[in-house]
Amino acid sequence: QVQLVESGGGLVQAGGSLRLSCAASGRTFRNYAMGWFRQAPGKEREFVAAINWSGGDTYYADSVKGRFTISRDNAKNTVDLQMNSLKPEDTAVYYCAAGALRIRTTERKYTYWGQGIQVTVSS
């Protein structure tokens, strides 16, 4: 069992940066790939970024590639999402996810989900 809690969201101007953090409980955290997804108002939830169990492999959606960086610290049971050069279209509720055995971009491959955290980018 893994419980996930996101933090670090908020309001930022376009071009600014935010760092999201996801704290995980459970001894099996390091066994899983981790992902970040987001859901904008009126839209379906979409994949943002994922990282494998060791942190040695990452994958990004084209829309965030070069601007966002996912990282993890297995000693601290955390996975972070550094978001730079934010755009108004990045506004969404961001979710941390765990449970995939390797990097996946589809929701159904992840078993555990955080409650989500709001990120709002003003123009």
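To keep things clear, this report deals only with the structure shown in the data block. Predicted model, so just to flag it, every value in this text is computed and none were measured.

## Comments concerning the sheet that holds strand β7 (residues 68-73)
Ordered by their spatial adjacency, four strands build an open sheet running β1-β3-β8-β7, and the pairing between neighbours is antiparallel. Each edge of the sheet is formed by a strand with only one pairing partner; in this case those strands are β1 (3-7) and β7. The sheet shows a mean angle of 15° between the axes of neighbouring strands, direction not considered. Two strands pair when backbone bridges link them, and β1 and strand β3 (residues 18-25) are joined in this way by five bridges, in the antiparallel orientation. Bridge assignment links V5 to a residue of β3, and that residue is A23.

## Regarding the environment of T120
Relative to the elements of secondary structure, T120 occurs in strand β11 (residues 117-122). Put simply, T120 and P88 are 32 residues apart on the chain and 7.4 Å apart in space, counted from C-alpha to C-alpha. Setting aside chain neighbours within four positions, we find T120 in contact with G10, L11, V12 and T91. For T120, the side chain forms a polar contact with the side chain of Q118, separated by 3.3 Å.

Reading the values: the criteria
- Residues numbered from 1 in each chain as written.
- Predicted model: local features only at pLDDT ≥ 70, side-chain atom pairs only at ≥ 80, totals over all residues.
- Heavy atoms only, no water.
- Pairing = 2+ DSSP bridges.
- Helix = DSSP H or I, 4+ residues; strand = E, 2+ residues; numbered from the N terminus.
- Axes fitted to C-alpha atoms, helices over the stretch in contact; angles between N-to-C directions.
- Contact = heavy atoms within 4.5 Å.
- Polar contact = N/O pair within 3.5 Å; in protein donor to acceptor, adjacent residues only side chain to side chain.

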